[in-house]
There are 2 protein chains.
Amino acid sequence: MEEQAETMPGAAPQDYESLRALLSSRRDTMPKRLKQLASFAMQHPEEVAFGTVAGIAEHAGVQPSTLIRFAKSLGYEGFSHLQQIFRDRLRERFPDYRERLQTLRETEGHHLHAASLLEGFAGAAVVSLERMRDSVSLEELSRAIETLAKADTVYLLGARRVFPIAAYCAYAFGKLGVRAILIDHIAQLGPEQLATATDRDAVLAISFTPYAPVTADLAAVAARRNIPVVAITDSAFSPLVTSADVWLEVAEADFGAFRSLSASFALAMALAVGTAEKRAER
Amino acid sequence: MEEQAETMPGAAPQDYESLRALLSSRRDTMPKRLKQLASFAMQHPEEVAFGTVAGIAEHAGVQPSTLIRFAKSLGYEGFSHLQQIFRDRLRERFPDYRERLQTLRETEGHHLHAASLLEGFAGAAVVSLERMRDSVSLEELSRAIETLAKADTVYLLGARRVFPIAAYCAYAFGKLGVRAILIDHIAQLGPEQLATATDRDAVLAISFTPYAPVTADLAAVAARRNIPVVAITDSAFSPLVTSADVWLEVAEADFGAFRSLSASFALAMALAVGTAEKRAER
DNA sequence: ACATAAATGGAATAAAAATTCCATAAGAAG
DNA sequence: CTTCTTATGGAATTTTTATTCCATTTATGT
């Protein structure tokens, strides 16, 4: 009775999709570490395709031997065998729009609408990002980073449609160890939330058409009090421009009535990380 | 005078396109076996990316040692180093990537850092969006839209990193005339904010690794009370999956320690608009 | 044709990687 | 609480893979 040992007798999935399915179906019965690995593998398939046992184990936070156990528990002979599945997947696929349109065309009526909505928003986001890549002034971006890096505390200003960006900045700055205060204007306390700012701090203000009056007003107040203002906005005609020491222009594309926020997010992230790194230099 | 040995002093191409260029420029001056190998490599790049020295040597009809000589003659430390270039190309499977890097390389030192940060975050966003386009299940997306369209009120659940998405949904649903309540968990009142929800409403829960416990907990509470739960999450192993009636998978790419949110945003927008339109049909 | 340098094949060696094994810990069943 | 099973971490081992080295061949210039 030796040797039968592992779970599935040779019934290991031979392609990525079946593997994915198997993993999903087993997610409730897997031991902790194996589950952890399964999750990692689905999130970083390229890493599994190219990495070494030791490297992947480290990134996934498990022991090397766990990878082998994992592969065997799925029916493979060893990790190398499992890795082959991940590699095959990368070999096959190359990006093409042709394929995408084809898929869209083949989508049955029932799902067609959902498909085109998703395609539309994803498309708008990609366009925005592409456009930003060669429209943002690096000169200004560097200056913005300088300004924020010098500040003691960064006050984050963004209302309505762009509030999510300001909220994300609060998260990112926090994680990076940069003191930041999100002016969320709760109970209409915006002015009071900003009241503690001095000229040794800085304001990061975000606003797009139609410009929320609060943001413009508070930015103006800050400027009058000599607090450095960095602005992210969509044109030279924005009310923020007059209050800003440095301003960055981002033109987002829209789909239907909704404009993308992707480019602004990317820009905000670059600002946050840039600021933290510049501070670390000191 | 030993050790200088190889042709180019460390000036090895760092990306596929430069390598390609170097190879064609040397086409006429290369010795027979190296030329043979160069030609093979250009014709079977995947094989070079995935294969072993012995395997590739056999296919290309040369000795294993020739591969090492080949790599060194191009300025690499060894074959493994050269192979990395081929692997990177498969990882970053996007057409104009090359062009991007070129621009980056031309950027002057002063702004280089800002430029690469921006490029990195924009790149991660685009990768996420592309990936989502062929990984999201339209079937599930349609079901999610159905579920939300039937609901009286949509309760929005998202904490920490993904809070901005939930906040944006609140904005979008509001504009579209769909009643929605953002559970912002202010003063730790999350459970109370959700208390008024009934089985005629629905919850839209969003959470990615590392999953914020609140979100999982509240989603579980909702499920127990028979409130339909739609989840946006990053893998089948997410704690949200067990509570969800429908769940949508989005795997975001990251740059440095920060993961993109672009794909999730696009998906959330599609959900919101899809929901509003479906309601209008009635 | 000869001398010299460059290129090649192939075995030997070194390095890196995958896999096994076992002691211990955590968990389930009684 | 005890016993038995399953899961886990980590070192030891084996296997695979890359690289080096050198004897031999092939090309190059005089």
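Remember, it's a predicted structure, so these values are computed and weren't measured experimentally.

### Some thoughts on helix α9 (residues 138–150) of chain B
Residue and element names in this part refer to chain B. An ideal rise of 1.5 Å per residue puts 18 Å on 13 residues; α9 measures up with 18 Å between its terminal C-alpha atoms. Listing the buried residues of α9 in full gives L141, A144, I145, T147 and L148. All buried residues of α9 fall inside an arc of 160 degrees around its axis, so they share one side.

### Some remarks on the environment of I145 of chain A
Note on placement: I145 of chain A falls in helix α9 (residues 138–150). In this structure I145 of chain A comes out as buried when scored by C-beta crowding, with 26 C-beta atoms within 10 Å. Put simply, I145 of chain A and A71 of chain A are 74 residues apart on the chain and 46 Å apart in space, counted from C-alpha to C-alpha. Those residues in contact with I145 of chain A that lie beyond four places of it in its chain are L271, G274, T275 and K278 of chain A together with A114 of chain B.

### Quick look at the interface of chain B and chain A
At the interface, 56 residues of chain B touch 58 residues of chain A. Examining the composition of the side of chain B that touches chain A, we find that 16 residues originate from one element, helix α8 (residues 109–133) of chain B, more than from any other. Of the residues that constitute the side of chain B that touches chain A, the class distribution is 36 nonpolar, nine polar and eleven charged.

### Remarks on the pairing of strand β3 (residues 202–207) of chain A
Regular strands place their side chains on alternate faces of the sheet. Residue and element names in this part refer to chain A. Burial analysis of β3 places six of its six residues in the buried class, the great majority of the element. Where burial is concerned, the two faces of β3 agree: the one with A202, L204 and I206 and the one with V203, A205 and S207 are both buried. Taken together, the five bridges between strand β1 (residues 154–158) and β3 define a ladder with parallel strand orientation. Bridge pairing in β3 links L156 to L204. The pairing of β3 with strand β4 (residues 229–233) spans five bridges and is parallel. Residue pairing across strands places I206 opposite I232, the latter belonging to β4. Handedness of the β3-helix α12 (residues 213–224)-β4 crossover: right-handed.

### Points about the protein's contact with DNA strand D
Close to DNA strand D lie 18 residues, the nearest being S65 of chain A together with T52, V53, G78 and F79 of chain B. Among the secondary structure elements, those contributing two or more residues to the surface near DNA strand D are α2 (32–43) and α5 (64–73) of chain A together with α4 (53–60), α5 (64–73) and α6 (79–91) of chain B. The residue inventory of the surface near DNA strand D, partitioned by class, reads nine nonpolar, seven polar and two charged.

### Quick word on the sheet that holds β4 of chain A
Strand pairing in a sheet relies on backbone hydrogen bonds. The paired strands run either parallel or antiparallel. Residues and elements named next belong to chain A. Strand order across the open sheet formed by five strands is β2-β1-β3-β4-β5, with parallel pairing between neighbours. Each having just a single partner strand, β2 (180–183) and β5 (246–249) make up the two edges of the open sheet. Averaged over all adjacent pairs, the angle separating strand axes in this sheet is 15 degrees, with direction ignored. Its contacts with the sheet place α12 against β1, β2, β3 and β4, and it is angled at close to 155 degrees to β3.

### Focus on the sheet that holds strand β4 (residues 229–233) of chain B
Residue and element names in this part refer to chain B. Taken in spatial order, the five strands of this open sheet run β2-β1-β3-β4-β5, and their pairing is parallel. With partners counted over all chains shown, the strands left at the sheet margins are β2 (180–183) and β5 (246–249), one partner each. Strand-to-strand, the axes of this sheet are offset by a mean angle of 15 degrees, without reference to chain direction. The strands touched by helix α10 (residues 163–175) are β1 (154–158), β2 and β3 (202–207); relative to β1, the strand with the most contacts, the crossing angle is about 160 degrees.

### As for the domain arrangement of chain A
Per the domain assignment, the segments of chain A are domain 1 (16–92) and domain 2 (137–280). The centre of domain 1 of chain A, based on its C-alpha atoms, is set 42 Å off from the matching centre of domain 2 of chain A.

Reading the values: the criteria
Residues numbered from 1 in each chain as written. Chains lettered and ligands numbered in written order. Predicted model: local features only at pLDDT ≥ 70, side-chain atom pairs only at ≥ 80, totals over all residues. Helix = DSSP H or I, 4+ residues; strand = E, 2+ residues; numbered from the N terminus. Expected span 1.5 Å × (residues − 1). Buried ≥ 20, exposed ≤ 12 C-beta atoms within 10 Å, placed from the backbone. Arc of directions from axis to C-beta. Contact = placed C-beta atoms within 7 Å. Nonpolar A, V, L, I, M, F, W, Y, C, P; charged D, E, K, R; others polar. Pairing = 2+ DSSP bridges. Right-handed = clockwise from strand over helix to strand, strands pointing away. Near = placed C-beta within 6 Å. Axes fitted to C-alpha atoms, helices over the stretch in contact; angles between N-to-C directions. Domains from an automatic or database assignment.

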